[in-house]
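Here are the chains, one letter per residue:
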Amino acid sequence: MTRNLSPLFEPSGVVVAGVSSHPGKFGFVVLHNLLSCGYQGQIFALGRSAGTLLDQPVIASLDEVPQDAAELLVVCTPPDANEELLRAAAARGIKAVFMVTGGYSEAGPEGAKAEARIVALANDLGLVLAGPNGQGLVSPPVGLCAQIVAPYPPLGRIGVASQSGNFVSAFENYATQTGIGISRAVSAGNAAATSLADYLEWFADDPETDVALCYIEGLKDGRAFAERVRKITPHLPVVVVKGGATSGGQKAAASHTGSLATNDRVFDGVARQAGLVRAATIESAFEAAATLATQPLPLGGQTLVLTTAGGWGVITADAITRHRRLNLAPLPKDLQASIDQLLPPRWSRNNPVDFAGGETRDTIPEILNLAAAHPDIDAIVQLGLGIQGNTAALTRLGPFYPDHGLERIVDFHERQERRYAEAAAEASSKHHTPVLVASEIAATDPRNPMVQAVKDSGRLCYASADRAVEALGHLVSYAQWRNARR
Amino acid sequence: MAHVEPNRAGLLEKLFVPTLSEAHSRTLVADAGVLVSSWASAETAQQAAQAAQTLGFPVAVKLCGDAIAHKTERGLVRLKLTDAASVEAAAAELLAAALPEDGLVNLLISPMVTGNRELIAGLVRDDQFGTCVMLGVGGVLAEAIGDVAFRLAPLSPLDAQELIDDLASQTLLGAFRGEPAVDRSTLVSILCALSTLAQDPNIVSVDLNPLIVTDGQPVAVDALVEVAEAQS
């Protein structure tokens, strides 16, 4: 049965225990972040002595928190204070605890005993216990930033649960960079009482979350995790990165979280069977999640490449052909005939559809729309956008701008770039066909109007064709797994 | 670390897990639905020669017993015997090679199955995930190629199909050197049979090594079942 984690992610009010006037201490940082990111609930700062901090009254006792005024307690106090703290908090109506405090099972046998006591106590008191030894959580739908790290990511549809706090930050960094935002993110810490599967189950029922993104290092009971997660994946795509996939990584994991080694091929099989989307790297995992969050699910892997850049088309055709889940779709005859009407005869007349410089003002949006509508095309990779925006940028900075008609042409180029990006998103939404726009300009010049417009359309501008193909492969793989089980 | 490598001979010795004889193992997996090559048991060299005549030449003759897990390593397998006289001679040698610690032994006679492709399949126990169904590419290069994939048991026919798709060597499963493509439905039924065997808590592991693909049909020509406790 799904545990109710609402008090953790949507608390009516928050108490921070262990606030400190030193801006370098966790207790200060949590309070600062809570006060800075738009959380609307009541915030209580609990310290050793009464006073003020960050214009906020500091209370010295939980007795000063009105009954049921706060549901979440964020704990930055040392282990020996925490059992008493939990009892007092439960008495005031606290329902969930995020324990930032370290020094528990990760610190040795004594810490492990203290952790077992705190877990038993939380169970007795009916408290949800997250952590200990975690970096905190964020919940942008309610403006909640209860973490000791940055950044506070933009609001979006990806729910993150991670056995490494730094990867929570990493995913938040990518969310900030790309604009593909986060619904909830939590560092599971030692996951003493609340496990990855608990978070994933709650995400599956969470109306704010469309995709889960998960870093796994070790599982206490792999079989139980697999059984639980396969009930989630038909409704909620779950992207995982598994640390300790090699013998070298397993040694590192053993010293990081004490995780046991797992045969990686067994895990790979378990992941496929359970419908998990397994990514090889953190970057690829974020892009897979961002793709699942922003693109429609395709029916299959028949992929069309549209390009204004010949070389990129060839490289992308290679990447698609190499990919086990994707096929370079044969160009449908009727689509070819339609494109013949729109382009001069020198176009490739094949997939990739290489415009060969024959496009005019409306060609790209028109062909995008035709291709996305075609029943034999499951997905589209659009290449070569951003070139006009690049030209505009050079022209704008040159010594002749805005004379010689340059202002007008720069405006035209930039307008066109926006149109292309908007057309890609519109054609995709209208025809339920994924359209992935890829250009290295996403990384080299994020201010390019095409890159900006893709971001404004709520989608990811992939920093290379290869990364778009990899992300599309994950999307197709998940769609095929799900469709086969309907 | 779970014992999931395709060649687990060394580990088996270390763990002292009781195994069933090939004859016993064959019966068990055949009853579950695995296609196994035809075979007969014999107590004497003469009986072996008679059985070979009934089955048809060429045949393989093996010394067989619950305590003999590694016939090949001990030289207890004679292959490609083409007439009754050579079967009788080989069988006599094998019976003479039995050691006191082998306990009760007999002979297993089976027609040679020919095919260019070999697969391996089985059941393995993983420390974290429990019993898994395994499928891999077999043959002399199997360990070097290392093309093997797993699913948790129990698995559905759909899981079994996807498990087959996971193998990297897909060209090996298609039409190959004049032989038809591997019959995937047979392979699915073998994997599902293994999954059924996994329901028996007494079975620790199953090794079908190799499955020789003959005329597109994967046929088990050897089987080894490990059990949790010695069976009488």
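Calculation notes
- Residues numbered from 1 in each chain as written.
- Chains lettered and ligands numbered in written order.
- Predicted model: local features only at pLDDT ≥ 70, side-chain atom pairs only at ≥ 80, totals over all residues.
- Helix = DSSP H or I, 4+ residues; strand = E, 2+ residues; numbered from the N terminus.
- Rg over C-alpha atoms; globule rule 2.2 N^0.38 Å.
- Buried ≥ 20, exposed ≤ 12 C-beta atoms within 10 Å, placed from the backbone.
- Core = buried A, V, L, I, M, F, W, Y, C linked by C-beta atoms within 7 Å.
- Contact = placed C-beta atoms within 7 Å.
- Axes fitted to C-alpha atoms, helices over the stretch in contact; angles between N-to-C directions.
- Left-handed = near helix turned anticlockwise from the far one by under 90°.
- Nonpolar A, V, L, I, M, F, W, Y, C, P; charged D, E, K, R; others polar.
- Domains from an automatic or database assignment.
- Pairing = 2+ DSSP bridges.
- Expected span 1.5 Å × (residues − 1).
- Arc of directions from axis to C-beta.
- Right-handed = clockwise from strand over helix to strand, strands pointing away.

For the rest of this paragraph, the subject is the overall build of chain B. Counting its secondary structure elements, chain B contains 8 helices and 10 strands. Expected size for 232 residues packed as a compact globule is a radius of gyration near 17 Å; at 17 Å, chain B falls within 12% of this value. In terms of principal-axis extent, the alpha carbons of chain B reach across some 45 × 45 × 30 Å. Burial analysis of chain B (232 residues in total) assigns 45% to the buried set.

What chain A contains, in helices and strands, is 18 helices and 20 strands. On C-alpha atoms alone, chain A measures out to a radius of gyration of 26 Å, which is about the 23 Å that the 2.2 N^0.38 rule sets for 486 residues. In terms of overall dimensions, chain A has a C-alpha envelope of 80 × 55 × 35 Å along the principal axes.

The subject of this paragraph is the nonpolar core. Residue and element names in this part refer to chain A. Ranked by size, the top nonpolar core spans 232 residues in total, and within it V16, V74, V97 and V239 carry the most contacts. Among the elements that take part in this core, helix α18 (residues 465-484) stands out by supplying 10 residues, more than any other. In this structure, V97 is in contact with L73, V75, L86, A89, A122, L127, V128, L129 and A130, ignoring residues within four places of it in sequence.

With that settled, consider the packing of helix α15 (residues 406-431) of chain A against helix α17 (residues 449-456) of chain A. In a pair of packed helices, the angle between the axes and the distance between the axes together describe the arrangement. Residue and element names in this part refer to chain A. Interhelical geometry of α15 versus α17 gives an angle of 35° and a closest axis separation of 8 Å. Note on packing geometry: the crossing formed by α15 with α17 is right-handed. Residues E414, E417, R418, Y420, A421 and E422 of α15 touch α17, and the partners they reach there are P449, M450, A453 and V454. Its residues assigned to classes, the contact of α15 with α17 comprises 6 nonpolar, no polar and 4 charged.

Here we come to the domain arrangement of chain B. Accessible area lost when the parts come together is the quantity often used to give the size of an interface. Residue and element names in this part refer to chain B. Along its sequence, chain B is organised into domain 1 (9-35 + 115-227) and domain 2 (40-111). Counting from both sides, the interface comprises 10 residues of domain 1 and, opposite them, 10 residues of domain 2. For the side of domain 1 that touches domain 2, the secondary structure elements donating two or more residues are α1 (9-15) and α2 (22-32). The dominant element in the side of domain 1 that touches domain 2, judged by the number of residues it contributes, is α2, at 3 residues.

This next bit is on the interface of chain B and chain A. Counting residues at the interface gives 18 residues for chain B, matched by 15 residues for chain A. Those elements giving two or more residues to the side of chain B that touches chain A turn out to be β6 (130-137), β7 (148-152) and α6 (157-166) of chain B. Tallied by class, residues from the side of chain B that touches chain A come to 11 nonpolar, 2 polar and 5 charged.

Here the focus is the domain arrangement of chain A. Residues and elements named next belong to chain A. For chain A, the assigned domains read domain 1 (6-292) and domain 2 (296-484). Here the C-alpha centroids of domain 1 and domain 2 sit 38 Å apart. Domain 1 puts 14 residues into the contact, and the matching count from domain 2 is 12 residues. It is helix α10 (residues 282-294) that contributes the most residues to the side of domain 1 that touches domain 2, 6 residues altogether. Residues of the side of domain 1 that touches domain 2, tallied by class, amount to 8 nonpolar, 5 polar and 1 charged.

A separate point is the sheet that holds strand β4 (residues 56-59) of chain A. Residue and element names in this part refer to chain A. With respect to topology, 7 strands assemble into an open sheet ordered β3-β4-β2-β1-β5-β6-β7, the strand pairing being mixed. Every interior strand has two partners, whereas the edge strands, β3 (51-53) and β7 (128-130), have only one. Adjacent strand axes in the sheet meet at a mean angle of 30°, parallel and antiparallel pairs treated alike. In the sheet, strand β5 (residues 72-75) pairs with strand β6 (residues 96-99) via 4 bridges, with the strands oriented parallel. When the bridges of β6 are listed, L73 appears paired with V97. Sitting on the sheet, helix α2 (residues 26-36) touches β1 (13-17), β2 (42-46), β3, β4 and β5, and the angle it makes with β1 is about 160°.

Further remarks concern unusual backbone geometry. Residues and elements named next belong to chain B. Here A153 and P154 are connected by a cis peptide whose omega angle stands at 0°. Structurally, P154 can be placed in the loop between β7 and α6. Of note, D215 is a non-glycine position whose phi angle comes to about 55°, a positive value. Structurally, the position occupied by D215 is in the loop between β8 (203-214) and β9 (217-220). D215 sits in the exposed class, given 11 other C-beta atoms within 10 Å.

Here the focus is the environment of A252(A). Residue and element names in this part refer to chain A. Examined against the element boundaries, A252 turns out to sit in helix α8 (residues 247-256). Accessibility expressed as a C-beta count within 10 Å gives 14 for A252, which makes it partly exposed. Linking A252 and I377, residues 125 residues apart in sequence, is a C-alpha distance of 44 Å.

Moving on, we get to helix α8 (residues 184-197) of chain B. Residues and elements named next belong to chain B. Between its first and last C-alpha, α8 extends 20 Å over 14 residues, near the 20 Å set by a 1.5 Å rise per residue. Inspection of α8 places L187, I190, L191, C192, A193, L194, S195 and L197 among the buried residues, and these make up the whole buried set. On its buried face, α8 sits against α2, β5 (117-126), β6, α6, β8 and β9.

Note that an α-helix has 3.6 residues per turn; residues three or four places apart therefore point the same way. All names here are of chain B. All of the buried residues along α2 are E22, S25, R26, V29 and A32. The buried residues of α2 occupy one face: seen down the axis, they fall within an arc of 130°. Positive phi appears at G33, one or two residues downstream of α2, with a value of about 120°.

Another aspect to go through is the sheet that holds strand β4 (residues 106-111) of chain B. Residue and element names in this part refer to chain B. An order of β1-β4-β2-β3 is seen for the 4 strands of this open sheet, with the pairing classed as antiparallel. What marks the edges here is a single partner per strand, and that holds for β1 (40-42) and β3 (77-81). Across this sheet, the average inter-strand angle for adjacent strands is 25°, counted without regard to direction. Pairing analysis gives 6 bridges linking strand β2 (residues 59-64) to β4, with the strands arranged antiparallel. When the sheet's bridge partners are listed, V59 is paired in β4 with P111. In the packing of helix α3 (residues 45-55) onto the sheet, contacts are made with β1, β2, β3 and β4, and the angle to β4 comes to roughly 20°. Against the sheet, helix α4 (residues 84-97) contacts β2, β3 and β4, and its axis sits at roughly 15° relative to β2.

Attention now goes to the environment of T101(A). Relative to the helices and strands, T101(A) resides in the loop between β6 and α4 (109-125). Not counting residues up to four positions away in its chain, the partners in contact with T101(A) are V75(A), C76(A), T77(A), P78(A), P79(A), N82(A) and P132(A).

Glancing now at the pairing of strand β11 (residues 182-187) of chain A. Residues and elements named next belong to chain A. Burial of β11 is extensive: 6 of the 6 residues sit out of reach of the surface. Of the pairings in the sheet, the one linking strand β10 (residues 155-162) to β11 comprises 6 bridges and is parallel in character. What sits directly across from G159, in β11, is R184. What joins β10 to β11 is helix α5 (residues 165-178), and the crossover it makes is right-handed.

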